[in-house]
Each structure stands twice: as structure tokens, then as C-alpha cells.
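The chain contents come next:
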Amino acid sequence: MANMRRGNFIPMAMLVGSEDVPSYLPPAFHVMLKPSGPICNLDCTYCFYLRKEHLYDKGTSFYMPDDVLEEFTRQYIEAQQVDEVHFGWQGGEPTLMGLDFFRKVVELQQKHRKPGMKIKNSFQTNGVLLDDEWCRFFKEHDFLVGLSMDGPKELHDAYRVDKGGKPTFEKVYRALNLLQKHGVEFNILCVVNRINADHPLRVYGFFKSEGVQFIQFIPAVEGTQDGVTDWTVRPDQWGKFLCAVFDEWVRKDVGKIFVQQFEVALEAWLGFEPSLCVHSKTCGNCLAMEHNGDLFSCDHFVYPDYYLGNIMETPLMQLVASPFQRRFGLDKRDKLPRYCLQCPVLFACNGGCPKDRFIKTPDGEDGLNYLCAGYKRFFNHIDPYMRLMANLLRQGQPAWLIKEVLRQKEQPKQKVGPNDPCPCGSRRKFKKCCMNKV
């Protein structure tokens, strides 16, 4: 079994005394699995994970061995205290493992499944190797597939290229059509970068025209000693991008297209803690495991300082519940700068992802999220709409009724009178219900 260069890699989970944070195993946690490590058949400019190959000895075979696969499956299922367990397969590129590997995955999951337990699998791919056989397998075993795609051809191909620097759009578009042909449940993962961020409606309109119903927008951010990379989305771009897409979505597509950023925001306006780790108060319950069983605090923290240990040497439950990992998760909340603590949209943002907290606040305090200005613009912009949708849901009405409310308000010729019944269905007069809420 391939091993990490252990010289500087001390298991952090074993170093921090239990007096720092009480040992605690969450009822459910997620491990992002890297069965092929960082190995990929593409060479996307903004990919942060390709460089993880250097963490391992030269000549390492990045292929998850059978004993690691079975041991993880057994331990992961055993550790979950819920009725539905989710396995997440990422990379690198997981299709490089071959279909037989995932047939084995399904067999082992059924072998170790607890009575009455449901097993779900998600699979993130660039789509290049997908064919009919892969799609039939996904459909048969109810895999949720995430397809990485950055918009129409010219925007997608700006950074998503193969090892020879050639464009990949046509191959990914073919994969999109295959998933649709076979009725596979899928979503689009779109990385918002320095180039496509200037074209929000082109990006969103393209996915919409292709019949995509579920979309995740992920900001491309990487800080360096000299600032940020030239492909990193600027904070103002990120904010404008989200606002532009939201304005289109809220008027035409609520209830038909599901954008993760907007759905998670609505959770916050309903009074719940956002379910997406980026905007939750704390983190630490979404870890990453390499091909050989090495476990790290997070997919974005696969560094020696966040190496927890190897599941073949230390039980997974012990690593997840370790004081080091619990403190890692709590630091997201406890190390927020004062600027964030005083922010009116903290309840929805919660400081964003810790990996992006590398700039200073206006008063010089460390730990502000690089995308802060963009998030603040977005959350303030959507506030009246989110309040209205939250009110609709509390009244037992569907959130998509906001489209009718906005149509009546913004089209004078068909405008509802102040004393007419509110189009939201509340049976109250328009002037006493939704008229002044947006």
C-alpha cells in the first residue's frame, strides 16, 4: 500500500490532548473519497488538487487497494448513527478507477449495510470517460452524479483543458447528453472564475437551455504570497454574478431550477442553520480521505498540518471525534474577526469557507474572507426576496408564488390593486400582505 512521506506527517489527531475539546463523534459525518488520489485526465488551470500528487513518493500507485476500500466501507457505515448513509466519490477523476471498482463498491456497501439502512452514492466527474455503460450503472444503483462544466463552449474551455491543453467542452457536453438520455440524477458543478464571472446570464442561460435543473456555483479562489492567482474570481465579480443569476431565477425559475447557493440562503432566512458547510456556523464534519486511507480535516486542507491519521492504523471514529478535528471545526466560528461578528448578514454567511479567510478587515484584523464584499452584496440584495419566500412558506404556500407576486408588482398593466386579494394566496389584501415586502 502506498504511503505518504511520513517524515513531516505526524497524525494531528493523536497530538492534541482531550482537555482541549471533549471527544465527540457527530451522529453523521461525510468523507470525500479520493480513490484515485489527485490523478486526473484533465489539466484544469484552477485545479488545486492536482498538486497533491507531490505529497506522496514518486512512483506511487494512486489506486485505492481492496483492503482499504473494504475497511473504509465497514468503518464508515459502523460510525454513522443515521438511517441513510452517503458515500461521496471525487478526485482527481474517479472514473479512472474503472467501472469494476465501483461494482465492488456497491457489493461492499450491501455487505456491511446495517438492517434498514439506505446507502446513497454521489459521484463528481469531468465526464470525459462517461459512456452508456457507466450511465446504465449510475441509473441502476441510483448514483447522484455531479458533472463539472463551466458554461457554454468558449467559457468552459477557457480553463478546463486536457493534458495536451486542448479544449474539453465537446466531450463534457456529450456526457451531459448521456446522463439525460439514461435518466441519471445529476447536477452541474460550475466553477465561477475570472473569465466566466463576467457572463452570469450566459452561463445560467446555457444550463437552463440544456434542461439542467440542479446547479452548484463554486467560486475559484486561491491566495498566494503575492495576492491571488490570475484565474481567481474577484469579490465584486462573485457578488455581481450571484445577484444577476438570482434576479433571473427569482422571477422565472423558482420551483423549476434549483441553485444550491439560493436554496441554502433560504434556509438561513427561515431561521435554520445553512446546511452547506461553506455557510454553516462550524465545520469539521466533512473530511477527505486519500487512496491509501490517509484522512485529512477537509478537502481544502489536505496538508501535513491537517493530517489526522490513517484508517488502517487508527479507527475512523477515533480520528473524526479527535480533539484536533473538533477544534478545527469550531475554529470556523470562534476565530471570526469582529468585523464579521458585527455584520448584519452573518446569520447567512458565517464567514464563508475558512480556506478563503486570508485578507484583513478594514481595521486591520486578520481572518476576513477574501470574498466578503461579494457575499455581503449578494446577501443584502436578496434579503427582501428571501423574506417574502420565507413568509410564503410559513403560511403554507409554495415559494414559487413569489414569481406571481413580482409579476404583479413589476408589470403595471396587470398590477393588482391594493385592496385586491394578494396573489400569494394568503387570502389577505395585497396592501396588507406582499405589496411592500419587495
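The text that follows walks through the structure, step by step, so that each part is easy to find. (Residues numbered from 1 in each chain as written. Predicted model: local features only at pLDDT ≥ 70, side-chain atom pairs only at ≥ 80, totals over all residues. Heavy atoms only, no water.)

Turning next to a positive patch on the surface. A cluster of basic side chains, namely Arg428, Lys429, Lys431 and Lys432, defines a positive patch on the protein surface. Among the structural elements, lysine 429 can be located in the segment after helix H14 (402-410). (Patch = residues over 30% accessible without salt bridge, like charges linked within 9 Å, V, L, I, M, F, W, Y side chains within 5 Å. Areas by Shrake-Rupley, 256 points an atom, 1.4 Å probe, with all protein chains shown as cover. Salt bridge = Lys/Arg side-chain N within 4 Å of Asp/Glu carboxyl O. Lys, Arg positive; Asp, Glu negative; His and termini not counted. Charge placed at Lys NZ, Arg CZ, Asp CG, Glu CD. Helix = DSSP H or I, 4+ residues; strand = E, 2+ residues; numbered from the N terminus.)

Moving on: helix H8 (residues 260-269). With respect to burial, H8 is a largely interior element, seven of its ten residues being buried. Among all positions of H8, only Gln261, Phe262, Val264, Ala265, Leu266, Ala268 and Trp269 are buried. If you follow the buried residues of H8, they end up packed against strand S6 (214-219), helix H7 (235-252), strand S9 (258-259), helix H12 (346-349) and helix H13 (372-394). Positive phi appears at glycine 271, one or two residues downstream of H8, with a value of about 95°. (Buried < 20%, exposed > 50% of the residue type's maximum accessible area, 1.4 Å probe, protein only. Contact = heavy atoms within 4.5 Å.)

Here we take up the pattern of salt bridges. Under the definition given, this model contains 28 salt bridges. Of the charged contacts in the structure, one is a salt bridge between arginine 103 and glutamate 133, with a shortest N-O distance of 2.9 Å. Taken together, the positions of arginine 103 in helix H2 (residues 99-112) and glutamate 133 in helix H3 (residues 132-140) put the pair 30 residues apart, joining distant regions of the chain. Salt-bridge contacts for aspartate 157 lead to lysine 153; the nearest nitrogen and oxygen are separated by 3.1 Å. Through salt bridges with shared partners, a single ionic network connects Arg327, Asp331, Arg333, Asp334 and Lys335.

Moving on: the sheet that holds strand S4 (residues 143-148). Spatial ordering of the open sheet is given by S9-S6-S5-S4-S3-S2-S1-S10-S11-S12, a layout of ten strands whose pairing is mixed. Strands at the two margins of the open sheet, each flanked by one partner only, are S9 and strand S12 (307-310). Bridging between strand S1 (residues 30-33) and strand S2 (residues 84-89) involves two bridges; their strand directions are parallel. Bridge pairing in S2 links methionine 32 to glycine 88. Taken strand by strand, H2 contacts S2, strand S3 (118-125) and S4, and its axis lies near 160° from that of S2. (Pairing = 2+ DSSP bridges. Axes fitted to C-alpha atoms, helices over the stretch in contact; angles between N-to-C directions.)

Before going further, it helps to examine the environment of lysine 432. Here lysine 432 shows up in the segment after H14. Spatially, the C-alpha atom of lysine 432 lies 47 Å from that of leucine 179, the residues being 253 residues apart in sequence.

The next thing to look at is the packing of aromatic side chains. Tallied over the full model, the rule gives 44 aromatic pairs. Note on tyrosine 46 and tyrosine 159: the rings are 6.0 Å apart at their centroids and 70° apart in plane angle, and the pair reads as edge-to-face. Here tyrosine 46, found in the loop between S1 and helix H1 (66-79), pairs with tyrosine 159, found in the loop between helix H4 (153-156) and helix H5 (169-181); they are 113 residues apart in sequence, far enough to count as distant. Taken together, a centroid distance of 5.6 Å and an interplanar angle of 35° make the contact between phenylalanine 138 and phenylalanine 143 tilted. Overall, the relative accessible area of 1% leaves phenylalanine 143 in the buried class. (Phe/Tyr/Trp six-rings, centres within 6.5 Å; stacked < 30°, edge-to-face > 60°.)

Turning our eyes to something else, we now look at the pairing of S3. Relative to S3, S2 runs parallel, the two being bridged by six bridges. By the bridge assignment, phenylalanine 87 is partnered in S3 with asparagine 121. The pairing of S3 with S4 spans five bridges and is classified as parallel. Residue pairing in the sheet places threonine 125 in a bridge with leucine 147 of S4.

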